[in-house]
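These are the residues of each chain, in order.
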Amino acid sequence: MKQLHKQASVNYRRDEEMPGNQYSPKTLKHPRSLPRSINYLFREQRLLFVLVGVLIGSTFFILQPTLSRLGPSEARTAVTSSLSGSSSVVQSSNRGSQGIFQRRSVSGRVPADLGRRRLRIVVTGGAGFVGSHLVDKLIARGDEVIVIDNFFTGRKDNLVHLFGNPRFELIRHDVVEPILLEVDQIYHLACPASPVHYKYNPVKTIKTNVMGTLNMLGLAKRVGARFLLTSTSEVYGDPLEHPQKETYWGNVNPIGERSCYDEGKRTAETLTMDYHRGAGVEVRIARIFNTYGPRMCLDDGRVVSNFVAQAIRKQPMTVYGDGKQTRSFQYVSDLVWLTVI
Ligand SMILES: NC(=O)c1ccc[n+]([C@@H]2O[C@H](COP(=O)([O-])OP(=O)(O)OC[C@H]3O[C@@H](n4cnc5c(N)ncnc54)[C@H](O)[C@@H]3O)[C@@H](O)[C@H]2O)c1
């Protein structure tokens, strides 16, 4: 109590010493320091320099995302045009690889053979007959290729010549399971193609066609990749029209032994078009007819390989039925040339 009283009296004395008893350091500080800082800003055009700095900084941050997406030469063009007030920054970034290719060629700074942007491509079923030829074509074109295969019918031998190539990767994976990769294009071939193989495990065949295609389309949607499905002439079933036009919807048995393949491919086509219409995925469907060439499996029940195998073994060549049936044949390099997207 005593101490408190003392304190109070000291405080009172201090207050008494203040002029007019109204001294407040806070109220006096503001009016003095505010004009001083403003004066400081206005002196020697400092405010002007601050504003110019803010302008340059914000221009950089607005342009930065666009510039980081372009190469050095594009960046230079983009900066020039944006400073001159045109809208070509947005246009050029939307032009895609074709536009970049054209501009690089015109500038003449990049040799013509290096002008095309290298694509990252996944090929499912790339260890198989058609897939391995397609991989060869894409590697020869200068792209990076990732093969996904579970080696059900495919063989490493088909790709062994590419081992050690830095633009080639091989992943043992079943397309029935999802996978996440950053790619520009997806060629979806994974599926046993010959009757012997697709009838071996029909449930697995239809799962590969439906779930495998769903997984690959989901990937295409997520990463914005272009998608190609290798379908088959079997989607026409036992056709009533010859030759079959794309507008013909077929005559397919949904409950037969071959339905796992025929109906599986039909569903894969449906999914492909639904992803295109519903999610804007860029898609292609190739309905392939009988293809032959190196690396096809002997004894897989297809007509050309059967004839070749029997001829090699010096056996009589078997013609089923009355021999009047017709087939459309193509050599594998023609098919690969047509399916490259
Ligand atoms: N060759 C033809 O005449 C022909 C005709 C019509 C359609 N097609 C289609 O072309 C594609 C390739 O046919 P192909 O003749 O090269 O057949 P293929 O059997 O030689 O190749 C298929 C590849 O897919 C792989 N595969 C199968 N199931 C898989 C799975 N679940 N996950 C990962 N990989 C899997 C196999 O191991 C193989 O490497 C197939 O989609 C087929 O339906 C081919």
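Here is what the cut-offs are and how they apply
- Residues numbered from 1 in each chain as written.
- Predicted model: local features only at pLDDT ≥ 70, side-chain atom pairs only at ≥ 80, totals over all residues.
- UniProt positions renumbered as here; feature names shortened; annotations may be inferred.
- Helix = DSSP H or I, 4+ residues; strand = E, 2+ residues; numbered from the N terminus.
- Axes fitted to C-alpha atoms, helices over the stretch in contact; angles between N-to-C directions.
- Parallel < 35°, antiparallel > 145°, perpendicular 65-115°, else oblique.
- Left-handed = near helix turned anticlockwise from the far one by under 90°.
- Contact = placed C-beta atoms within 7 Å.
- Nonpolar A, V, L, I, M, F, W, Y, C, P; charged D, E, K, R; others polar.
- Near = placed C-beta within 6 Å.
- Core = buried A, V, L, I, M, F, W, Y, C linked by C-beta atoms within 7 Å.
- Buried ≥ 20, exposed ≤ 12 C-beta atoms within 10 Å, placed from the backbone.
- Pairing = 2+ DSSP bridges.

Quick word on the UniProt feature "transmembrane region" (unreviewed entry) in the protein chain
Point 1. Under the UniProt annotation, the feature "transmembrane region" (unreviewed entry) is placed at residues 46-63.
Point 2. Counted over residues 46-63, helix gives 100% and strand 0%. Its end C-alpha atoms are 26 Å apart.

Topic: the packing of helix 7 (residues 129-140) against helix 12 (residues 332-339)
Point 1. Direction vectors running N to C along helix 7 and helix 12 enclose 60°, while the axes themselves pass 9 Å from each other. With respect to helix 12, the element helix 7 is oriented oblique. Note on packing geometry: the crossing formed by helix 7 with helix 12 is right-handed. Contacts from Val130, His133, Leu134 and Lys137 in helix 7 reach Val332, Ser333, Leu335, Val336 and Thr339 in helix 12.
Point 2. Taken together, the residues of the contact of helix 7 with helix 12 break down into 5 nonpolar, 3 polar and 1 charged.

Some thoughts on the site of the ligand
Point 1. Taken together, 29 residues lie around the ligand, and Gly125, Gly128, Val130, Gly154 and Ala193 are the ones closest in.
Point 2. At the level of elements, helix 7, strand 2 (144-149), helix 9 (202-223), strand 5 (226-232) and strand 7 (290-292) are the ones that each hand at least two residues to the shell around the ligand.
Point 3. If you tally residues by element for the shell around the ligand, the top one is helix 7, at 3 residues.
Point 4. Its residues assigned to classes, the shell around the ligand comprises 14 nonpolar, 13 polar and 2 charged.

Some thoughts on the nonpolar core
Point 1. Judged by nonpolar contacts, the single largest core of 35 residues is most densely connected at Val123, Val147, Ile186, Ala220 and Phe227.
Point 2. Element by element, the count of residues in this core is highest for helix 7, at 5 residues.

Section: the sheet that holds strand 1 (residues 120-124)
Point 1. Within the open sheet, the 6 strands sit side by side as 3-2-1-4-5-6. Their pairing is parallel. The outermost strands of the open sheet, each flanked by one partner alone, are strand 3 (168-172) and strand 6 (283-288). Put simply, the sheet's adjacent strands are angled 15° from each other on average, direction ignored.
Point 2. Looking at chain direction, strand 1 and strand 4 (residues 185-188) are connected through 4 bridges and run parallel. Bridge assignment links isoleucine 121 to a residue of strand 4, and that residue is glutamine 185.
Point 3. Sheet strands touched by helix 10 (residues 259-279): strand 5 and strand 6. Its angle to strand 5, the strand with the most contacts, is close to 155°.

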